[in-house]
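Structural characterization, general
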Amino acid sequence: MTPRALTVDGVYEDFPADETARFETLHGVGETEGALVVKSHDGVSVVLNDCMFNMDRKRDVLGFLFTTAFGSAPGPRVSRLAKMVFIKDKRALRADFERLADLPGLTRVIVAHEKVASGSDARAALLQAATYL
């Protein structure tokens, strides 16, 4: 099956932001990825996709190759693959990670790849990932 291109109607800024949730475009990724910032009763959550990983190294052959060769682990980081494929401006993305790390009430960082960083680890995870840019 051959992948097909899809037409997208809208951008992150078109999402109706309110006091609870907002989408924002991350600078430096060529408008390919953003962040979802959600305020809840227990704090602020930042949800990211492929621009940040938070994985442990894997022991199986395929997992080991993925986490080692692509630089996807261990811990919070920007993978080598992401830097090669879609990150266009490392400084701009680093600034976004640092800005998100300073959000008042930051409680957790949720990433598409494995572990949630909670409590004080949330801020530390964003700052550590920024060092890989």
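The structure contained in this document is the topic of the report that follows. By convention here, each chain's residues receive numbers from 1 onward along its written sequence. Local features in this predicted model are restricted to residues of pLDDT 70 or higher, and side-chain atom pairs are both shown and tallied only at a pLDDT of 80 or more, whereas totals for entire chains, interfaces and linings draw on every residue. Where side-chain values are given, they derive from all heavy atoms of the structure, hydrogens and water being excluded.

1. Structural notes on the packing of aromatic side chains
By convention, a stacked pair of Phe, Tyr or Trp rings (six-membered ring in the case of Trp) has centres within 6.5 Å and planes under 30 degrees apart, an edge-to-face pair has planes over 60 apart, and any other such pair is tilted. A full pass over the atoms with the stated rule returns three aromatic pairs. When the ring of F53 is compared with that of F66, the centres are 6.2 Å apart and the planes differ by 40°; the resulting orientation is tilted. Here F53, found in strand β4 (residues 53-55), pairs with F66, found in helix α1 (residues 61-69); they are 13 residues apart in sequence, far enough to count as distant. Owing to a relative accessible area of 5%, F53 belongs among the buried residues under this scheme. With a centroid separation of 5.8 Å and 75° between ring planes, the pair formed by F66 and F70 is classed as edge-to-face. We call a residue buried when its accessible area falls under 20% of the maximum for its residue type, exposed when it is over 50%, and partly exposed in between, using a 1.4 Å probe and counting protein chains only. A residue is classified by how much of its surface remains accessible, and F66, at 29% relative accessible area, is partly exposed. Helix and strand assignments follow DSSP, with helices taken as H or I runs no shorter than four residues and strands as E runs no shorter than two, numbered in order from the N terminus.

2. Focus: the packing of helix α3 (residues 90-101) against helix α4 (residues 120-130)
The axes of two packed helices give the description: the angle between them and the distance between them. Simply put, an axis is a line fit to the C-alpha atoms, just over the touching stretch for a helix, and the angle between two N-to-C directions goes from 0 to 180 degrees. Interaxial distance between α3 and α4 falls to 8 Å at its minimum, and their mutual angle equals 165°. Considered as vectors, α3 and α4 are oriented roughly antiparallel to each other. The element α3 and its partner α4 pack so that their crossing is left-handed. Facing α3, whose interface residues are R94, F97, E98, L100 and A101, α4 presents R123, L126, L127, A129 and A130. Gly falls in the polar group here, along with every residue not listed as nonpolar (Ala, Val, Leu, Ile, Met, Phe, Trp, Tyr, Cys, Pro) or charged (Asp, Glu, Lys, Arg). In terms of residue class, the contact of α3 with α4 is built from seven nonpolar, no polar and three charged. When describing relative orientation, an angle under 35 degrees is termed roughly parallel and one over 145 degrees roughly antiparallel, while 65 to 115 degrees is termed roughly perpendicular and anything else oblique. Should the near helix be turned counterclockwise from the far one by less than a right angle, the crossing is left-handed, whereas a clockwise turn marks it as right-handed. Note on contacts: a residue pair qualifies if any of its non-hydrogen atoms lie within 4.5 Å across the two residues.

3. Some details on a nonpolar patch on the surface
Together, F70, L81, M84 and V85 line one region of the surface with nonpolar side chains, adding up to about 370 Å² of accessible area. Secondary-structure assignment places L81 in helix α2 (residues 80-85). Patches here are clusters of residues that have more than 30% relative accessible area and form no salt bridge, with a 9 Å joining cutoff for like charges and a 5 Å cutoff for nonpolar side chains (Val, Leu, Ile, Met, Phe, Trp, Tyr). The accessible surface values rely on the Shrake-Rupley method and a 1.4 Å probe; as for residues, cover is taken only from the protein chains in view. Throughout this description, the term salt bridge denotes a Lys or Arg side-chain nitrogen within 4 Å of a carboxyl oxygen of Asp or Glu.

4. Points about the environment of F66
For the pair formed by F66 and L81, sequence separation is 15 residues and the distance between their alpha carbons is 9.8 Å. Here F66 is in contact with F53, M55, G71 and S72, once residues within four sequence places are set aside.

5. Some remarks on the sheet that holds strand β6 (residues 106-110)
Strand pairing requires that DSSP identify at least two bridges connecting the strands. The mixed open sheet is built from five strands, whose spatial order is β1-β2-β3-β6-β7. Looking at the sheet topology across the chains shown, the edges are occupied by β1 (21-25) and β7 (117-118). Relative to the sheet, α3 contacts β1, β2 (34-40), β3 (43-47) and β6, its axis offset from that of β1 by approximately 160°. The strands that α4 touches are β6 and β7; relative to β6, the one it contacts most, it runs at about 55°.

6. Comments concerning the pattern of salt bridges
Inspection of every chain in the model, using the stated rule, returns seven salt bridges. Put simply, D42 and R108 hold a salt bridge, and the shortest N to O gap is 2.6 Å. Taken together, the residues span a long stretch of sequence, with D42 in the loop between β2 and β3 and R108 in strand β6 at a distance of 66 residues. You can call R108 buried: its relative accessible area is 19%. The closest approach of N and O atoms between R99 and D96, which form a salt bridge, is 3.1 Å. Here R99 and its partner D96 are both found in helix α3, three residues apart, which amounts to about one turn of the helix. With a relative accessible area of 3%, D96 lands in the buried category. Beyond isolated ion pairs, a larger network of salt bridges with shared partners links R22, E24, D96 and R99.

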